Amino acid sequence: RKLQNVTVQADGKIVALGTSGRKFTLTRYEIDGNLDNSFGNNGTAITSVSRDSSYDKSEVVVLPNGKILFTGTSSNDFLLAQYNSDGTVDNSFGNAGVVITDISKGTDEANGIAVQQDGKIIVAGIKKDWSSINYYEFDIPRLTLDGSVDNSFGNAGVVITPIGATFDKAYDVAIQSDGKIVVAGQVHDSDGYDSGLVRYNSDGTLDSSFGNGGKVRTSFRSTNYSYHLAIQSDGKMIVGGTTAGDFTFTRYYSDGTLD
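Residues numbered from 1 in each chain as written. Predicted model: local features only at pLDDT ≥ 70, side-chain atom pairs only at ≥ 80, totals over all residues. Heavy atoms only, no water.

**Quick word on the overall build of the protein chain**
Basically, it comes down to this: The helix count covers DSSP runs of H or I at least four residues long, the strand count covers runs of E at least two residues long, and both are numbered beginning at the N terminus. Only protein chains enter the area calculation, which uses a 1.4 Å probe; residues under 20% of their type maximum are buried, those over 50% are exposed, and those in between are partly exposed. In this description, contact between two residues means that some pair of their heavy atoms is separated by no more than 4.5 Å. Computed with the Shrake-Rupley method and a 1.4 Å probe, the accessible areas treat only the protein chains shown as cover for residues. Positive charges come from Lys and Arg, negative ones from Asp and Glu, while His and the chain ends are left out of the count. For charged residues, the charge sits on one atom: NZ in Lys, CZ in Arg, CG in Asp, CD in Glu.
Each helix and strand counted, the protein chain has 0 helices and 19 strands in total. For the protein chain, with 259 residues in total, the buried portion stands at 53%. When contacts within the protein chain are restricted to residue pairs at least 6 apart in sequence, those whose partners lie at least 24 apart make up 43%. For the protein chain, the computed accessible surface area is about 11,500 Å², with 48% contributed by carbon and sulfur atoms. For the protein chain, the distance from the average site of its 22 positive side-chain charges to the average site of its 31 negative ones is 3 Å.

Below, the structure is given as structure tokens:
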């Protein structure tokens with residue numbers, strides 16, 4: 001069993017996303033740390049879909065209506081699953097609570113998730129296509145409340161963004177108060193492995209007021225990964241990751257320059 005991500009509900013209860021064997025699990029705890037037996041089966045809900053064990057990054061969010069949504073990777077495609085607040089499957093979402101999205105001819109890996117104020121869902125992930133010059137690219141789809149692709153976003157609901165020349169991996173996403181979308185990840189080419197940030201307008205176009213044409217690339221040491229992203233109330237961005245084996249926290253101003 002492995003813990004993937006944790007979030008806290010408005011009432012203080014704690015929701016943990018984990019994996020058990022090749023299944024995703026949701027577990028809810030009371031504020032005091034005891035299992036919430038009103039959730040799922042004695043505090044735990046296990047998905048009916050299998051996960052790809054080679055991909056470890058998954059994320060969970062609690063929606064304003066109390067429903068629980070998480071993302072991961074299944075059968076080399078993006079996975080989204082939604083549960084009601086009591087841990088039962090939300091059948092109003094996708095196919096029996098599950099959405100599988102095949103974006104590329106190769107492997108698609110979903111890592112991060114964020115929900116807009118209008119309820120639309122942004123997923124941060126990776127498009128892997130060995131037939132392409134850019135083997136890995138930032139892959140950002142947007143879905144509607146029921147799990148269908150939002151065709152008003154990007155190209156038929158998806159934005160593909162290359163930054164480096166070979167391996168660009170999107171790991172997390174956050175929504176600013178003005179609706180702009182910020183994605184954090186890793187960039188790779190002959191210059192090495194760097195931390196990457198990209199900001200998009202709400203329609204999926206690159207925000208030219210951010211960094212260099214919407215993109216920011218930051219190098220600290222030989223190998224840099226950016227796994228988690230949070231936006232402060234003042235608009236500054238906190239990125240958490242690793243650099244050459246050490247934990248790294250980086251803060252940026254809202255224009256993409258280092259603070």
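**Quick word on the sheet that holds strand S17 (residues 224-231)**
In plain terms, the rule: Should DSSP find at least two bridges between two strands, the strands are regarded as paired. Where helices are involved, their axes are fitted lines through C-alpha atoms of the stretch in contact, as for all axes, and angles between N-to-C directions lie from 0 to 180°.
With respect to topology, 3 strands assemble into an open sheet ordered S17-S18-S19, the strand pairing being antiparallel. Across the chains shown, the open sheet's two edge strands, defined by having one partner strand only, are S17 and strand S19 (246-252). The sheet shows a mean angle of 25° between the axes of neighbouring strands, taken without regard to direction. In the sheet, strand S18 (residues 237-243) pairs with S19 via 7 bridges, with the strands oriented antiparallel. Looking at S19, one finds that Thr 243 is bridged to Asp 246.

**Some details on the pattern of salt bridges**
So the rule is basically this: The working definition used for a salt bridge is a side-chain nitrogen of Lys or Arg within 4 Å of a carboxyl oxygen of Asp or Glu.
Summed over the entire model, instances satisfying the criterion amount to 13 salt bridges. The closest approach of N and O atoms between Arg 199 and Asp 207, which form a salt bridge, is 2.7 Å.

**Some words on the layout of surface pockets**
Spelled out, the test is: Here a cavity denotes grid points, spaced 1 Å and computed from the protein atoms alone, that fit a 1.4 Å probe unable to get out, and a pocket denotes an open set having protein on both sides within 12 Å along at least 5 of 7 lines; residues with an atom within 4 Å of a point are the lining. Grid points are joined across faces, edges and corners, and a volume is the space filled by probe spheres set on the points. Each residue is assigned to one class: nonpolar for Ala, Val, Leu, Ile, Met, Phe, Trp, Tyr, Cys and Pro, charged for Asp, Glu, Lys and Arg, and polar for all the others, Gly among them.
The space that makes up the largest pocket amounts to roughly 310 Å³. Forming the walls of the largest pocket are 19 residues, and the residues nearest its centre are Val 60, Val 61, Ile 113, Ala 114 and Val 115. Of all the secondary structure elements, the ones that give two or more residues to the lining of the largest pocket are strand S1 (2-8), strand S5 (59-62), strand S9 (107-115), strand S13 (167-175) and S17. Considering every element that reaches the lining of the largest pocket, the biggest residue donor is S5, with 4 residues. When grouped by side-chain class, the residues that make up the lining of the largest pocket number 14 nonpolar, 3 polar and 2 charged. Estimates place the volume of the second largest pocket at around 220 Å³. Lining of the second largest pocket is provided by 13 residues; of these, Arg 1, Thr 19, Thr 25, Thr 27 and Thr 44 occupy positions nearest its centre.

**Considerations on the pairing of strand S16 (residues 215-218)**
Side-chain positions along a regular strand alternate between the two faces of the sheet. Here S16 shows one buried face, formed by Val 216 and Thr 218, and one open face, formed by Lys 215 and Arg 217. Note that strand S15 (residues 192-200) and S16 share 4 bridges and pair antiparallel. Looking across to S16, one finds that Gly 196 is bridged to Arg 217.

**Things to note about the sheet that holds S5**
Overall, antiparallel pairing links the 4 strands, which are arranged S5-S6-S7-S8 in an open sheet. Edge positions in the sheet fall to S5 and strand S8 (98-101), since each of these pairs with one other strand and no more. Within this sheet the neighbouring strands show an average axis-to-axis angle of 20°, counted without direction. As paired strands, S5 and strand S6 (residues 68-74) are joined by 4 bridges and run antiparallel to one another. In the sheet register, Val 61 faces S6, and the bridge partner there is Leu 69.

**Examining the confidence of the model for the protein chain**
Close reading of the predicted structure is inappropriate where its pLDDT is low. The test is simple: pLDDT is defined as a per-residue confidence score from the predictor, taking values between 0 and 100.
A residue-level look at the protein chain finds 96% of positions with pLDDT of 70 or above and a mean pLDDT of 91. Mean pLDDT across the secondary structure elements of the protein chain bottoms out at strand S4 (residues 44-50), with 87, and peaks at S5, with 96.

**Structural notes on unusual backbone geometry**
Backbone geometry places Asn 42, a non-glycine residue, at a positive phi of 55°. Located in the positive-phi region is Ala 244, a residue other than glycine, with phi close to 50°. Topologically, Ala 244 is positioned in the loop between S18 and S19.

**Some details on the packing of aromatic side chains**
Note on aromatic pairs: each is described by the distance of the centres and the angle between the planes. Here is the rule we go by: Here a Phe, Tyr or Trp ring, Trp counted by its six-membered ring, pairs with any other such ring whose centre lies within 6.5 Å, and the pair is stacked when the planes are under 30 degrees apart, edge-to-face when over 60, and tilted otherwise.
The final tally for this structure, using the stated rule, is 5 aromatic pairs. When the ring of Phe 70 is compared with that of Tyr 83, the centres are 6.4 Å apart and the planes differ by 20°; the resulting orientation is stacked. Taken together, the positions of Phe 70 in strand S6 and Tyr 83 in strand S7 (residues 77-83) put the pair 13 residues apart, joining distant regions of the chain. Phe 70 gets classed as buried once you look at its relative accessible area, which sits at 0%. Centre to centre, the rings of Tyr 136 and Phe 167 are 4.9 Å apart; their planes meet at 75°, and the pair counts as edge-to-face. With Tyr 136 in strand S11 (residues 136-143) and Phe 167 in strand S13, this residue pair connects regions lying 31 residues apart in the sequence. Of the residues examined, Tyr 136 reaches a relative accessible area of 12% and is grouped as buried. An aromatic cluster is defined as three or more aromatic residues linked by ring pairs; in this entry it consists of Phe 24, Phe 70 and Tyr 83.

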